[in-house]
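Residue-level structure breakdown
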Amino acid sequence: MADPRVNGGQSAPPRRLSWNDPDVRSVVYQVVAVALVGIVGWFLVSNTLHNLSTRNISTGFDFLSRESGFAIGESPIAFGPENTYARAILVGILNTIRIAVIGVILATILGTIIGIARLSKNWLVAKIAMIYVEVIRNVPLLLQLFFWYALITETLPGPRQAINVMPGVFMSNRGIKVPAPTEHFAFDLAAIGFMLAFVLIFIMVNLAKKRQDATGKAFPVYRGGLALLIGMPLLGWLIGGAPWELDVPKLQGFNFVGGATLTPEFAALLFGLVLYTAGFIAEVVRSGIQAVNYGQWEAASALGLSRSQTLRLIVLPQSLRVIIPPMTSQYLNLTKNSSLAVAIGYPDIVSIANTTLNQTGQAIEGIMIIMAVYLSISLSISLFMNWYNKHIALVER
Amino acid sequence: MKLLATAAAAAALVFVAQGAQAGATFDAIKAKGFVQCGMNGGVGGFGAPDAKGEMKGIDVDLCRAVAAAMFGDANKVKHTPLTAQQRFTALQSGEVDLLARNTTQTLTRDASLGLIGAGVNYYDGQGFMVTKKLGVKSAKELNGATVCVQPGTTTELNLADYFRANKMTFKPVVIEKLDEVVGAYASGRCDVYTTDISGLASTRATQLPNADDHIILPEVISKEPLGPLVRQGDDTWLVVVRWTLNAMIEAEEYGITSANVDEMLKSDNPNIKRILGVTPGGGKALGLDEKWAYNIIKQVGNYGESFERNVGKGSALKLDRGVNALWTNGGLMYAWPIR
Ligand SMILES: N[C@@H](CCC(=O)N[C@@H](CS)C(=O)NCC(=O)O)C(=O)O
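Notes on the structure follow. (Residues numbered from 1 in each chain as written. Chains lettered and ligands numbered in written order. Predicted model: local features only at pLDDT ≥ 70, side-chain atom pairs only at ≥ 80, totals over all residues. Heavy atoms only, no water.)

What about the environment of Arg66(A)?
All names here are of chain A.
- Summarising the element assignment, arginine 66 is placed in the loop between α2 (22-54) and α3 (85-118).
- Arginine 66 gets classed as partly exposed once you look at its relative accessible area, which sits at 43%.
- Every residue in contact with arginine 66, bar those within four places of it in the chain, is listed here: Asn83, Thr84, Tyr85 and Thr360. (Helix = DSSP H or I, 4+ residues; strand = E, 2+ residues; numbered from the N terminus. Buried < 20%, exposed > 50% of the residue type's maximum accessible area, 1.4 Å probe, protein only. Contact = heavy atoms within 4.5 Å.)

So this is what it looks like as structure tokens:
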């Protein structure tokens, strides 16, 4: 083990490379561990490639640039059978992100409300919230998805007998059709305005906090934020020339054309995921609130704060530290559970990668893509939540 | 669930030891004493359990026939029900020895999946089924329709091709499980359900509550030669499967049935003598007993018998022989000679 040249070192403090040195030992262990993992990994990869080629199974990712030849039911970007497998997979990723983002937001809102309701002084409200949590958490999600899907497709009438909820809005077993803005520059401006609103809100909140710290005067951030959220898109729309034309859905042949659609598949998946996850989030929120010392409530009420002010200003901010880590895992669960989409026909990444791997026969590549996508989404959520958690921890007193 | 099964099968390809030599599958099947067959779990006429829970169907018969040839006992079969999505990975990874699951023989499947087709036991084509009250008489009127379809099938691709070629648009609703996709069609979520015409007939006869409410449109939009597949790399096994199918068709052509096969042993037609092993040679060449074809016919029946009892007039599907008639009757069933 020992290297004589090290001993011959002139000025450095004499340090022997000895097995008794814990540093040396740990370096050796780590090198060995990395080497072992590397060898096993290399064995698996080369063995797989060898197996596939002796069995005449195509390998590699060349298929991604080939024409897909299949159609996809709903897609945030244009897609047709003439597009490549790569684009099909992109559609799947976008569809998964779409359901995950909307699902996480709605589940958080609903879950928080139910979690607070469980602690309500009103017996009826608290009991209803409790029953909700118990029922929802104890029925398998897949079953719930089938339930929502069947409910939507079986109970709503066909498109020709669609229920005209309000002018331009139709409900049928093809989904909910609503008027949509036509292609116009003004609507792009409105979308930009909407995004800008978030930046402005962020700035406003910071300024308001500085001002309150300096002068003690509170700024109505909630009303200000709301005004920005409505005002900015409106401004963009006005600058764009305030166009009025809407693309209203109308019945033509088998189905409605025009407008925007909330499909039964998306709706059922969203309902199922949101209601299910909200049940868990409610418990997270409840336990978070209960983790805050009861003295805080008493102190706040001694200062003359109302119950809802106490909750909003004193208790919830403190409970966030307890809430965030389990909340993160609920977000991850929701995202991963969205893969149950295959069962009810929502074209998420699993559904599309499955079709792809089946049409091309490249199962290993297909599954690698699915794993990579979920890993990336999950890691992004984790990183964001960890950052947020640190951010919260700083303001803790 | 589904994904897990596929992943597990794919993992088998990762870990399985290297190397496969000729005859390995054949020898392994001989050694374990039964044929592991991948098939449909619920498509009446092709592969579905009957009232007693026994698997029945034209594909099931083919597996049983292979077992009869291999072991002299048609019951030496184990079934693995597979969805369209799982079937190829299951065969590739060795989970099943033989795939007989209304599977279309295509170039991709033959050339890039490491699999190989062993013949055709049902010539089919893709069609569309709609409810009568939709008032549609031709597939050309389907512009803008919502179409229910199962993923991982040739069906999914032909559908897109057909609408593209006819400059029409459609919305697919893609659901993996047969029950669920048929449920979506039955509830009215889709205007149209599409698959192989035999599959449509099967769904109409066995899965939909009121068969008379549905019609199959006249257009046949694709060719679907359905047949058994095996893994590449063991030609001995491939040949056994191929000649099992040929033997069933040959038997029909020479009028040998499960009922008369014992009398036929006394026939002096040299063809019949060769088929039934009275003139030996064929069995030995295949690595089987000389009674291999006798056992198939005695225990399972000839192709015509299997057809009629599973998908033909003796079944709920009531399909005509059509192109699946013998070549001598103007159909496509033309077995290679057993000599
Ligand atoms: N022949 C086509 C389609 C075969 C197919 O999967 N058909 C469906 C509809 S009949 C089926 O067997 N489904 C049964 C199941 O998924 O359980 C192919 O090989 O891709």
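After that view of the structure, there is still more to cover.
Details of the sheet that holds strand β1 (residues 163-166) of chain A
Residues and elements named next belong to chain A.
- Spatially, β1-β2-β3-β8 is the arrangement adopted by the four strands of the open sheet, whose pairing is antiparallel. Edge positions in the sheet fall to β1 and β8 (260-262), since each has one partner strand and no second. In this sheet, adjacent strand axes meet at a mean angle of 25 degrees when their direction is disregarded.
- Note that β1 and strand β2 (residues 169-172) share three bridges and pair antiparallel. Looking across to β2, one finds that isoleucine 163 is bridged to methionine 171. (Pairing = 2+ DSSP bridges. Axes fitted to C-alpha atoms, helices over the stretch in contact; angles between N-to-C directions.)

A word on the interface of chain B and chain A
- The interface is formed by 53 residues belonging to chain B together with 49 residues belonging to chain A.
- A combined buried area of about 4200 Å² lies between chain B and chain A, and 53% of that area is made up of carbon and sulfur atoms.
- At the surface where chain B touches chain A, the tally comes to 11 residue pairs in polar contact (both at pLDDT 80 or more).
- Secondary structure elements with two or more residues in the side of chain B that touches chain A: α1 (2-15), α4 (87-92), α5 (107-111), β9 (145-149), α6 (154-165), β10 (170-174) and α7 (178-186) of chain B.
- Element by element, the count of residues in the side of chain B that touches chain A is highest for α1(B), at seven residues.
- The residue makeup of the side of chain B that touches chain A, split by class, is 27 nonpolar, 18 polar and eight charged. (Buried area = accessible area lost by both parts, 1.4 Å probe. Polar contact = N/O pair within 3.5 Å; in protein donor to acceptor, adjacent residues only side chain to side chain. Nonpolar A, V, L, I, M, F, W, Y, C, P; charged D, E, K, R; others polar.)

Let's talk about the packing of aromatic side chains
- A full pass over the atoms with the stated rule returns 24 aromatic pairs over all chains.
- With 6.1 Å between their ring centres and 35 degrees between their planes, Tyr185(B) and Tyr193(B) make a pair best called tilted. When sorted by exposure, Tyr185(B) lands in the same class as Tyr193(B), which is buried.
- Members of the aromatic cluster, each reached through a chain of ring pairs, are Phe61(A), Phe63(A), Phe70(A), Phe79(A) and Tyr85(A).
- Here the guanidinium or amino end of Arg137(A) rests over the ring plane of Phe280(A), the centre of that ring lying 5.7 Å away.
- Its guanidinium or amino end placed over the ring of Phe307(B), Arg321(B) lies 5.1 Å from that ring's centre, counting from NZ or CZ. (Phe/Tyr/Trp six-rings, centres within 6.5 Å; stacked < 30°, edge-to-face > 60°. Lys NZ or Arg CZ within 6 Å of the ring centre and 35° of its normal.)

Some points on the environment of Asn302(B)
All names here are of chain B.
- Here asparagine 302 shows up in the loop between α13 (292-299) and α14 (303-310).
- Between the C-alpha atoms of asparagine 302 and leucine 245, which are 57 residues apart in sequence, the distance is 9.3 Å.
- Beyond its immediate chain neighbours, meaning those up to four positions away, asparagine 302 contacts Met248, Ala251, Glu252, Ile256 and Thr257.
- A distance of 2.8 Å separates a polar side-chain atom of asparagine 302 from the backbone oxygen of isoleucine 256.

Details of empty space enclosed by the protein
Residue and element names in this part refer to chain B.
- Under the counting rule described, the total for this entry stands at four cavities of 30 Å³ or more.
- In this structure, the largest cavity occupies an estimated 240 Å³ of space.
- Along the wall of the largest cavity there are 19 residues; nearest its centre are Asn102, Gln150, Thr153, Thr195 and Asp196.
- If you tally residues by element for the lining of the largest cavity, the top one is strand β11 (residues 192-196), at four residues.
- For the lining of the largest cavity, the class distribution of residues is five nonpolar, 11 polar and three charged.
- Built from parts of two domains, the lining of the largest cavity gets at least three residues from each of domain 1 (2-123 + 226-329) and domain 2 (126-222). (1 Å grid on protein atoms, 1.4 Å probe; cavity = no way out; pocket = protein on both sides within 12 Å on 5 of 7 lines; lining within 4 Å. Points joined across faces, edges and corners; volume = space filled by probe spheres on them. Domains from an automatic or database assignment.)

As for the state of the cysteines
Residue and element names in this part refer to chain B.
- Applying the stated criterion to the full structure yields two disulfides over all chains.
- Linked covalently through their sulfurs, cysteine 37 and cysteine 63 form a disulfide whose S-S length is 1.8 Å. Judged by the sign of its S-S torsion, about -80 degrees, the cystine formed by cysteine 37 and cysteine 63 is left-handed. Within this pair, whereas cysteine 37 is found in strand β1 (residues 35-39), its partner cysteine 63 is found in helix α3 (residues 58-71), the two being separated by 26 residues in sequence.
- Note on cysteine 37: relative accessible area 0%, which makes it buried.
- With its sulfur 2.0 Å from that of its partner, cysteine 148 forms a disulfide with cysteine 190. (Disulfide = S-S within 2.5 Å.)

Section: the packing of helix α8 (residues 264-291) of chain A against helix α10 (residues 307-337) of chain A
Residues and elements named next belong to chain A.
- As a packed pair, α8 and α10 sit with axes 8 Å apart at the nearest point and diverge in direction by 145 degrees. Pair α8 / α10 crosses with right-handed handedness. Across from Leu273, Tyr276, Thr277, Phe280, Ile281, Val284, Val285, Gly288, Ile289 and Ala291 in α8, the residues of α10 making contact are Leu311, Val315, Leu316, Ser319, Val322, Ile323, Pro326, Met327, Gln330, Tyr331, Leu334 and Asn337.
- For the contact of α8 with α10, the per-class residue count stands at 17 nonpolar, five polar and no charged. (Left-handed = near helix turned anticlockwise from the far one by under 90°.)

Considering the site of the ligand
Residue and element names in this part refer to chain B.
- Close to the ligand lie 20 residues; Arg87, Thr104, Gln150, Thr154 and Asp196 are nearest.
- At 3.1 Å from an oxygen atom of the ligand is found a side-chain nitrogen or oxygen belonging to arginine 101.
- When each cavity is represented as a set of grid points, the ligand is found to reside in the largest cavity.
- Counting residues per element, the shell around the ligand draws most heavily on β11, which supplies three residues.
- Across the shell around the ligand, the residue classes break down as five nonpolar, 10 polar and five charged.
- A domain split of the shell around the ligand shows at least three residues from each of domain 1 (2-123 + 226-329) and domain 2 (126-222). (Near = heavy atom within 4 Å. Sits in = over half its atoms within 2 Å of the grid points.)

Looking at the nonpolar core
All names here are of chain B.
- By size, the foremost hydrophobic cluster in this structure holds 129 residues, and its most contacted members are Tyr193, Trp237, Ile256, Leu276 and Trp292.
- Residue-level mapping places this core at the junction of two domains, with at least three residues from each of domain 1 (2-123 + 226-329) and domain 2 (126-222).
- Filtering out sequence-adjacent residues up to four positions away, tryptophan 237 remains in contact with Thr25, Phe26, Ile29, Val35, Val66, Met70, Asp97, Leu98 and Val230.
- Formed by 21 residues, the second largest nonpolar core is a distinct cluster that contains Leu134, Val149, Leu159 and Val192. (Core = buried A, V, L, I, M, F, W, Y, C linked by side-chain atoms within 4.5 Å.)

Describing the pairing of β9(B)
Residues and elements named next belong to chain B.
- Among the five residues of β9, five are classified as buried, and the element is accordingly described as predominantly covered.
- Alternating positions in β9 separate into two faces, Ala145, Val147 and Val149 on one and Thr146 and Cys148 on the other, with burial throughout.
- Alignment of β9 against β10, held across five bridges, turns out to be parallel. Opposite alanine 145, over in β10, you have phenylalanine 170 as the bridge partner.
- Between β9 and its parallel partner β10, the chain crosses via α6, and the hand of that crossover is right-handed.
- Across two bridges, the pairing between β9 and β11 is parallel. Looking at the pairing, cysteine 148 lines up with tyrosine 193 of β11. (Right-handed = clockwise from strand over helix to strand, strands pointing away.)

A short note on the packing of helix α2 (residues 24-32) of chain B against helix α9 (residues 235-253) of chain B
Residue and element names in this part refer to chain B.
- At a minimum axis separation of 6 Å, α2 and α9 run at an interaxial angle of 70 degrees. Considering the angle they form, α2 stands roughly perpendicular to α9. Residues Thr25, Phe26 and Ile29 of α2 form the contact with α9, whose participating residues are Thr236, Trp237 and Val240.
- The residue inventory of the contact of α2 with α9, partitioned by class, reads four nonpolar, two polar and no charged. (Parallel < 35°, antiparallel > 145°, perpendicular 65-115°, else oblique.)

Digging into the pairing of strand β8 (residues 126-131) of chain B
Residues and elements named next belong to chain B.
- Taken across its six residues, β8 has six buried, putting it largely inside the fold.
- Sheet analysis places β8 next to β11, joined by five bridges and oriented antiparallel. By the bridge assignment for β11, phenylalanine 128 is matched with threonine 194.
- When β8 meets strand β12 (residues 214-216), the two strands line up antiparallel, connected through three bridges. Note that in β12 the partner of threonine 131 across the bridge is histidine 214.

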